[in-house]
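Summary of structural features
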Amino acid sequence: MIHMIDFHSHILHQIDDGSRSIEQSVQMLKLTAESDVDKIIATPHFYATRQDPEAFITKRKERYSELLDAVRDSDGLPEIGLGAEVAYFEGISDCDYLSEFKIQNTNLILLEMPMNEWNERIIREVSSIYEKHQIVPVIAHIDRYMKIMRRKNIVECFDGCPVFIQANASFFADFFSRRTALKMLSDGRIHLLGSDCHNTDSRRPNLGAALEIIRRRLGTTATDRIEEFSSLADSGGSRITEVHFR
Ligand SMILES: [Fe+2]
């Protein structure tokens, strides 16, 4: 049974700036297993402004089956799901191939926001993705934008919108951001976690460290809640859209 899910990883080899080889991908899976993570979603970068969607999808499919083949006889490794980290672009809400980028068997899409301050138009466009496609955008690594946006804005700008928030494990693991991360999690502002792992050294799978901190500081109720929400998201059932969007 699936409990803990890493919703953001660059575990597929030679498709983006993540894993450089299939051996490294397998190593990353082994490190993920040490973190008590049952499933990891492979979310390679996709930039619509400079990549052909069809070529990306074909390559992603190849890399994914190569990785599945490589671990076929291995025990104790996490299940691997497929998705993408789609970079925001103007007109994304009208994109006719958006559903190809959904996290496998869900109605979620991992969305990387612009690295400049988000204006009203951007917020409106992201919010309308659900209305137009019945796809719920998951804002990738919310922690990455804390410096760009004023902190107050970032936690409130999507209030009432059909949007979920993913935070990276490092947000909890880093001493200087930990307090904010735990507060956002307790306030229900963070829904899903990810390691955003790219390799086996500087950006290695690290969800275990974050979960340990959350467990120690907020108790098992907090980690249970994360597990419950992750399973709900992963189940692809309609219940996910019934969740009250804060
Ligand atoms: Fe990423």
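Anything mentioned here points back to the structure above.
Below: a short report on this structure. (Residues numbered from 1 in each chain as written. Predicted model: local features only at pLDDT ≥ 70, side-chain atom pairs only at ≥ 80, totals over all residues. Heavy atoms only, no water.)

Another point: the coordination of the iron ion. Only His 8 (NE2), His 10 (NE2), Glu 85 (OE) and Asp 196 (OD) from the protein coordinate the iron ion, and they sit 2.1 to 2.3 Å from it. In this structure, the iron ion is surrounded by four donor atoms whose angles at the metal cover 79 to 162°, and the resulting shape is irregular. Mapping the donors of the iron ion onto the primary sequence yields the spacing H-x1-H-x74-E-x110-D. Of this pair, His 8 sits in strand S1 (residues 5-9) while Asp 196 sits in the loop between strand S9 (192-194) and helix H7 (207-218), and the two are 188 residues apart along the sequence. (Donors = N, O, S within 2.8 Å, 3.2 Å for Na, K, Ca; no water. Tetrahedral: all angles 85-135°; square planar, octahedral: opposite > 155°, others 65-115°. Helix = DSSP H or I, 4+ residues; strand = E, 2+ residues; numbered from the N terminus.)

A separate point is the sheet that holds strand S3 (residues 45-46). The strand order across the open sheet formed by six strands is S3-S5-S6-S7-S8-S9, and the pairing between neighbours is parallel. At either end of the open sheet lies a strand with only one pairing partner, and these are S3 and S9. Here strand S7 (residues 136-139) runs beside strand S8 (residues 164-168); their pairing, made up of two bridges, is parallel. Opposite Ile 139, over in S8, you have Ile 165 as the bridge partner. (Pairing = 2+ DSSP bridges.)

A word on the environment of His 3. You can see His 3 is positioned in the segment before S1. Measuring from C-alpha to C-alpha, the distance between His 3 and Gly 91 comes to 35 Å, with 88 residues separating the pair along the chain. Not counting residues up to four positions away in its chain, the partners in contact with His 3 are Asp 38, Glu 227, Ser 230 and Ser 231. (Contact = heavy atoms within 4.5 Å.)

Trp 118, Ile 139 and Phe 172 are the most contacted members of the largest nonpolar core, which totals 62 residues. Setting aside anything within four residues of it in sequence, one finds Phe 172 in contact with Ala 167, Arg 178, Ala 181, Leu 182, Leu 185, Ile 190, Leu 193, Ala 210, Ile 213 and Ile 214. Among the nonpolar cores identified, the runner-up in size contains 13 residues, and Ile 5, Phe 7, Leu 108 and Val 136 belong to it. (Core = buried A, V, L, I, M, F, W, Y, C linked by side-chain atoms within 4.5 Å. Buried < 20%, exposed > 50% of the residue type's maximum accessible area, 1.4 Å probe, protein only.)

Before going further, it helps to spend a moment on unusual backbone geometry. For Asn 105, which is not glycine, the phi torsion reads 60° and is therefore positive. If you trace the backbone, Asn 105 turns up in the loop between strand S5 (85-87) and strand S6 (108-112). At Asp 196, a position not held by glycine, the phi torsion is positive, near 55°. Since its relative accessible area comes to 2%, Asp 196 is described here as buried.

As far as function goes, none of this settles anything; it's purely spatial.
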